[in-house]
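Spelled out from the first residue to the last, the chains are:
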Amino acid sequence: MKYNVRGFKRTLFLVISMALIAAAGSVLYWQQIIQRLEQDAAATLQADGKEITSTVNHIFASQLQVISSIALSLEYPEDLDDTDWIASYLGQQKRRNHVEWMGFQNVKGEALFSNGFSMHDFLSSKAVAIAYDKGAYLSEPQSNPFTDEKVIVMAAPVYFHKERLGIVFGLQTMSIYTEALANGSLGDNGVSMILDSQGNVLVSYPHATTENIFTVAENSRFDKNFSIQSIKEDMKQGRSGANSYTFKGQHRFSTYFPLDYNNWYVMLVLPTSSVANKAQSMAVISLVLCLSVVLAIVLVAIFILRMQYKNAKEVYKLGFIDPLTKTDNLNAFRMKFPEAAEAFKKKDIPVALVLMNINRFKAVNDIYGFEQGDLVLKQVATILQNSLETGELFCRSGADVFLLMLACPDQVELGQRIDQLVNRAGGYCQAQGEDLPLSITCGIYEVEDDVPFYIMMDRANLAWASAKEQPGTNYAFYNSEYLRKIVTERRIESSMEQALADEEFKLYLQPKCDFKTGRTLSAEALVRWLHPSQGIISPAWFIPVFEKNGFILKLDWFIYQEVLRLMKHLLDTQSPIVPIGVNFSRLHLEDKGFLDKLVKMADEIGVPHKLLEIELTESIVLGDIERVKTVIDGLHANDFSVAMDDFGAGYSSLNVLKNLDFDCVKLDKEFLAKGEGNPRQRQIISGLVSMVKDLGSHVVAEGVETKEQAEFLSSLGCDMAQGYFFSHPMPVPEFEKRLQDEKNS
Ligand code: C2E
Ligand code: CA
Ligand code: CA
């Protein structure tokens, strides 16, 4: 079964594509994030560097400023001899200006500290020289002589009228600088430090480093456009810079800014791994997000696919499975037919399309109810389907009609198989527990090449219709003869109205004659269709068609009118005249105004009723007998005589004949056709004639073709003979002439 596999594949392809796109998107997104984070980190590093540099500069400047102001305040030589006073004054200043330690070193090199201690040459001669030279001195970190803490020493010279009196100095613990270095936004991810011009690390955060930056740089691999040389050059020139490099397999960004003092630098270093870590965690989040989205999409897609599959199955069921019997329906049959037929053709085995229709199935429904009716259909379907040989097909095409495609090696063999099938399917059925014999009629079309399926169906249908017309047979094969018959019927039907209007229907008359003399005692009106292109069409062809479609009613009245006109003419011209029998189809009996119309038309034209005989066929006995009786009584009451036509053709029972009062009974011509030479047949005819005569009716023998027949029938006491031996049916002028001739002879 093909449930729209293409749609399924397409959706699967879509899902896989979407997953791939999402995955590729995640990777791209990751890369983008890393790049952006790196750019951000570099920019942040740069901004942090600038800020830290400015803070450190500010700290240095303000501290030097403090020391310088204290130096200025000491410009009175007499105070400087009083060591107690200096110690207390510096102690005051220390507290006021938040300097850890303060002291004064005089020109002799004696250093006096705010805590009262003194020391020789606390400031080196180099430091003293710088202080006098530059107006201020800033030391590298060094040990506090009293606590061993690292401190930075800041110093400023004291003058009295340009005379050097000594140097004031302050000691500042390192914590204040590490605090400044910790101010960046990078937190603990990177390292910030203050360097001297030789690349030595003076202060660093978050951990103390003793490495020389230039040594580190010498062991690093720089990204393009950077080198240790360009950094050294920058630092010599007091330029800031930024670079990225790899050290011990770790990639880092760094940036450096010159400080305003001692050619020192602030440098910040950030390992890219910290950025990558951040990026990774973001990428993981985004990846998880993407994957959840993809997963959601996949789940939705799977759901949709399942629905689609289910729907396709449902649609297939609706479109291709018969809901009652759960077998193929006509659509499925039609779809499978070409391939199945082709497979047989390859093996050189002809196939046939067989249409099976249960006869009078409506009665089963009416008698047993629809539920039992359905049950019967299922049983028939099962039997038929189980009878299939490999490669053959079966379906219920609707209601009580089944279609089969069967191998058809030859007509006889297939016919036998169909008979068996019909007997089995019809015989095995049960409804409400009782065996239910069903009859089935089949139409068989032997499949020819290049015939469209719907035409094959039509032909199987035509074959079925022809089988229906042959009571007692289970099946008929399609033949073009039958098709021609049907086509002719259609043609007859389509042209009958116009033919009536164009007076293509003509009245013919066949004499009913005296056995001895052959003289015309009466006549029968028979219709002929003088077709402009097809010549004379026999009523045997078109009467059954008109009986089916009801047109016979119109035609009978037309012939009746023609008969009345002829009689009126004969009467008016005082020509010889005989009673004429007119055929009326049994359909007229259903018309309540039948009798009135007969009377009215005859009276209008002016023909005495007794000259008219109404021929009703024997098959009227199939109808409502009471009604027939009423009509016949009515006819008698109005002086019409009534004949029973085709007596003995199959339907009659003598009982009926007894109950109905016919003036005349016409023995069906089939009696003679079966051979009046046959002694048994002679006996039957003789019995019938005497019985009819006993009931008081006249007997007309139809179809008398030979002298022998005439003599035999005459000997039985038949009253009249109608047949070719005496006369063929003839057109009106000929009939008139015959009457005239008889009169004259
Ligand atoms: P039917 O009423 O039994 O008419 C007698 C048929 O037997 C006529 O056939 C007639 O030509 C034919 N026939 C006469 N003598 C012989 C003979 O010796 N041998 C043989 N083999 N046949 C003979 P036709 O004219 O072909 O009519 C056929 C049937 O058509 C009639 O059978 C009648 O049933 C019906 N029919 C004809 N005209 C009308 C009509 O105007 N109205 C109605 N309702 N039926 C008509
Ligand atoms: Ca007749
Ligand atoms: Ca007849």
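What counts and what doesn't
Residues numbered from 1 in each chain as written. Chains lettered and ligands numbered in written order. Predicted model: local features only at pLDDT ≥ 70, side-chain atom pairs only at ≥ 80, totals over all residues. Heavy atoms only, no water. Helix = DSSP H or I, 4+ residues; strand = E, 2+ residues; numbered from the N terminus. Expected span 1.5 Å × (residues − 1). Bend = angle between axes of the 7 residues up to and from the residue. Buried < 20%, exposed > 50% of the residue type's maximum accessible area, 1.4 Å probe, protein only. Donors = N, O, S within 2.8 Å, 3.2 Å for Na, K, Ca; no water. pLDDT = per-residue confidence, 0-100. Pairing = 2+ DSSP bridges. Axes fitted to C-alpha atoms, helices over the stretch in contact; angles between N-to-C directions. Contact = heavy atoms within 4.5 Å. 1 Å grid on protein atoms, 1.4 Å probe; cavity = no way out; pocket = protein on both sides within 12 Å on 5 of 7 lines; lining within 4 Å. Points joined across faces, edges and corners; volume = space filled by probe spheres on them. Nonpolar A, V, L, I, M, F, W, Y, C, P; charged D, E, K, R; others polar. Near = heavy atom within 4 Å. Polar contact = N/O pair within 3.5 Å; in protein donor to acceptor, adjacent residues only side chain to side chain. Areas by Shrake-Rupley, 256 points an atom, 1.4 Å probe, with all protein chains shown as cover. Patch = residues over 30% accessible without salt bridge, like charges linked within 9 Å, V, L, I, M, F, W, Y side chains within 5 Å. Salt bridge = Lys/Arg side-chain N within 4 Å of Asp/Glu carboxyl O. Lys, Arg positive; Asp, Glu negative; His and termini not counted. Charge placed at Lys NZ, Arg CZ, Asp CG, Glu CD.

Colleague: Could you clarify how one ought to interpret helix α9 (residues 330-346) in this entry?
Modeller: Note that an α-helix has 3.6 residues per turn; residues three or four places apart therefore point the same way. Given a rise of 1.5 Å per residue, 17 residues ought to cover 24 Å, and the 24 Å separating the end C-alpha atoms of α9 matches this to within 8%. Where α9 bends most, at Phe337, the angle is about 40°, and the proline Pro338 comes one to four residues later. Regarding α9, the residues found buried are Ala332, Phe333, Phe337, Ala340, Ala341 and Phe344. At the C-terminal side of α9, Asp348 shows a positive phi close to 65°.

Colleague: Even after reading the chapter, I still don't get the coordination of the calcium ion (ligand 2), so can you show me in this structure?
Modeller: Each pair of donors in an ideal octahedron of six around a metal sits at 90 or 180 degrees, and each pair in an ideal tetrahedron of four sits at 109.5 degrees. Coordination sphere of the calcium ion (ligand 2), protein contribution only: Glu524 (OE), Asn583 (OD1), Glu615 (OE) and Asp645 (OD), at 2.1 to 2.3 Å. Counting the intervening residues between successive donors of the calcium ion (ligand 2) yields the motif E-x58-N-x31-E-x29-D. Between the calcium ion (ligand 2) and the calcium ion (ligand 3) the interatomic distance comes to 4.0 Å, and Asp645 is a ligand of both metals. Of this pair, Glu524 sits in strand β22 (residues 520-531) while Asn583 is found in strand β24 (residues 580-584), placing the two residues 59 residues apart along the sequence.

Colleague: Is there a simple way to explain unusual backbone geometry in this structure?
Modeller: Trans is the prevailing form of peptide bonds, just as negative phi is the prevailing case for residues other than glycine. The omega torsion of the bond from Tyr205 to Pro206 falls at 10°, within 30 degrees of zero and hence cis. Checked against the element boundaries, Pro206 lands in the loop between β9 (201-205) and α6 (213-218). Here Asp121, not a glycine, exhibits a phi torsion of approximately 55°, which is positive. Looking at where Asp121 falls in the secondary structure, it is placed in the loop between β3 (118-120) and α4 (125-134).

Colleague: Is there a simple way to explain the confidence of the model for the chain in this structure?
Modeller: Any region with low pLDDT has predicted coordinates that should not be read closely. Confidence in the prediction of the chain, expressed as mean pLDDT, is 87, and 97% of residues score 70 or more. Of all the helices and strands in the chain, strand β17 (residues 430-431) carries the lowest mean pLDDT, 69, while strand β21 (residues 505-513) carries the highest, 98.

Colleague: Looking at this structure, I do not really get the sheet that holds strand β20 (residues 475-477). What am I missing?
Modeller: Hydrogen bonds between backbone atoms are what pair the strands of a sheet, whose relative direction is either parallel or antiparallel. With mixed pairing, 5 strands are arranged side by side in an open sheet as β15-β16-β14-β19-β20. Among the strands making up the open sheet, the edge pair consists of β15 (393-398) and β20. Direction aside, the axes of adjacent strands within the sheet are offset by 20° on average. Helix α13 (residues 453-468) contacts β14 (351-358), β16 (401-407), β19 (440-446) and β20 of the sheet and is inclined by roughly 135° relative to β19.

Colleague: Teacher, can you tell me more about the layout of surface pockets here?
Modeller: Any space left empty among the atoms is revealed by the rolling of a water-sized probe across them. There is about 1,300 Å³ of room inside the largest pocket. Together, 41 residues line the largest pocket, and Leu526, Asn583, Asp645, Asp646 and Lys669 are the ones closest to its centre. For the lining of the largest pocket, the secondary structure elements donating two or more residues are β22, α15 (539-549), α16 (552-572), β24, β26 (641-647) and α20 (670-673). Counting residues per element, the lining of the largest pocket draws most heavily on α15, at 6 residues. Its residues placed into classes, the lining of the largest pocket shows 17 nonpolar, 10 polar and 14 charged. In this structure, the second largest pocket occupies an estimated 440 Å³ of space. Ile130, Tyr137, Leu138, Asn262 and Trp264 are, among the 17 residues lining the second largest pocket, the residues nearest its centre. Looking at the lining of the second largest pocket, the elements with two or more residues in it are α4 and β4 (137-138).

Colleague: Would you explain the site of ligand 1 in this entry?
Modeller: In the region of ligand 1, 23 residues are neighbours, and Gln510, Arg528, Asp556, Glu705 and Tyr724 sit closest. Side-chain polar atom of Asp645 to an oxygen atom of ligand 1: 2.9 Å apart, as the coordinates give it. Computed on the free molecule, ligand 1 has an accessible area of 790 Å², of which 85% lies beneath the protein chains in the complex. Put simply, the parts of the chain that give the shell around ligand 1 at least two residues each are β22, α15, α16 and β26. In terms of residue count, β22 provides more of the shell around ligand 1 than any other element does, 4 residues in total. Class assignment for the residues of the shell around ligand 1 results in 9 nonpolar, 6 polar and 8 charged.

Colleague: Even after reading the chapter, I still don't get a positive patch on the surface, so can you show me in this structure?
Modeller: On the surface, a cluster of positive charge is contributed by Arg306, Lys310, Lys313, Lys317, Lys326 and Lys378. Per-element accounting of the positive patch gives the leading share, 4 residues, to helix α8 (residues 272-320). Among the structural elements, Arg306 can be located in helix α8.

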